[in-house]
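Okay, here's what each chain looks like letter by letter:
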Amino acid sequence: MIKYNLVCKKCNKFFDSWFSSSKEYEKLKKLKHINCYNCNSLEVEKSLMSPNIINSKNKKLQEKNKQFDYVKKTLKEYQKFIKDNFKYVGKNFAYEARSIHYKNKKKIKGGIYGNASREELKELREEGIETETIPWINEKDN
Ligand SMILES: [Zn+2]
């Protein structure tokens, strides 16, 4: 026995029907013995409903992945820009940020970037030192 999901082209109703084999289905179809349970139309076909649903789900997933790749790519470009234009100070970020702010160092073009704890960032903000936090992707995390 084989179960087909059928669709009526006239009224767009979906319904399941059992056949002993796919050959039987073809035979009955040729003999016009398969009709719609709803409107009796003979314009009944095997439905592609299920695969379509799977495809549309996959498409959504693909779309999401595409968006994620795009965000990742954008972030990486952003990171590259920062690496090219800013001086990396690592864990000394808070210290360096203060020395730029208070000593008005003009040596460093563009600024600095590095790591700081949430606490340090809060302190900097309270002292009126503007910092920006961006998500950072490590090359290894690809
Ligand atoms: Zn119908």
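Residues numbered from 1 in each chain as written. Predicted model: local features only at pLDDT ≥ 70, side-chain atom pairs only at ≥ 80, totals over all residues.

Chemist: Honestly, the overall build of the protein chain in this entry has me stumped. Any pointers?
Modeler: Helix and strand content of the protein chain: four helices and five strands. Traced from its N-terminal end to its C-terminal end, the protein chain shows the element sequence β-β-α-β-α-β-α-β-α. Once local pairs closer than 6 in sequence are excluded, the contacts in the protein chain between residues at least 24 apart make up 56%. (Helix = DSSP H or I, 4+ residues; strand = E, 2+ residues; numbered from the N terminus. Contact = placed C-beta atoms within 7 Å.)

Chemist: How do you make sense of helix α4 (residues 118–126) when you look at a structure like this?
Modeler: Think of an α-helix as 3.6 residues a turn; residues three or four steps apart then line up on the same face. The element α4 is largely exposed, with a buried count of zero among its nine residues. The first or second residue beyond α4 is Gly 128, which carries a positive phi of 85°. (Buried ≥ 20, exposed ≤ 12 C-beta atoms within 10 Å, placed from the backbone.)

Chemist: What's the story with the sheet that holds strand β3 (residues 44–46) in this structure? I'm lost.
Modeler: Pairing between sheet strands relies on hydrogen bonds along the backbone, with the strands arranged either parallel or antiparallel. Taken together, the three strands give an open sheet; going across it, the order is β2-β1-β3, and neighbouring strands pair in antiparallel fashion. Of all strands in the sheet, those bounded by a partner on one side alone are β2 (14–19) and β3. Neighbour-to-neighbour, the strand axes of this sheet turn through a mean angle of 40°, independent of strand direction. (Pairing = 2+ DSSP bridges. Axes fitted to C-alpha atoms, helices over the stretch in contact; angles between N-to-C directions.)

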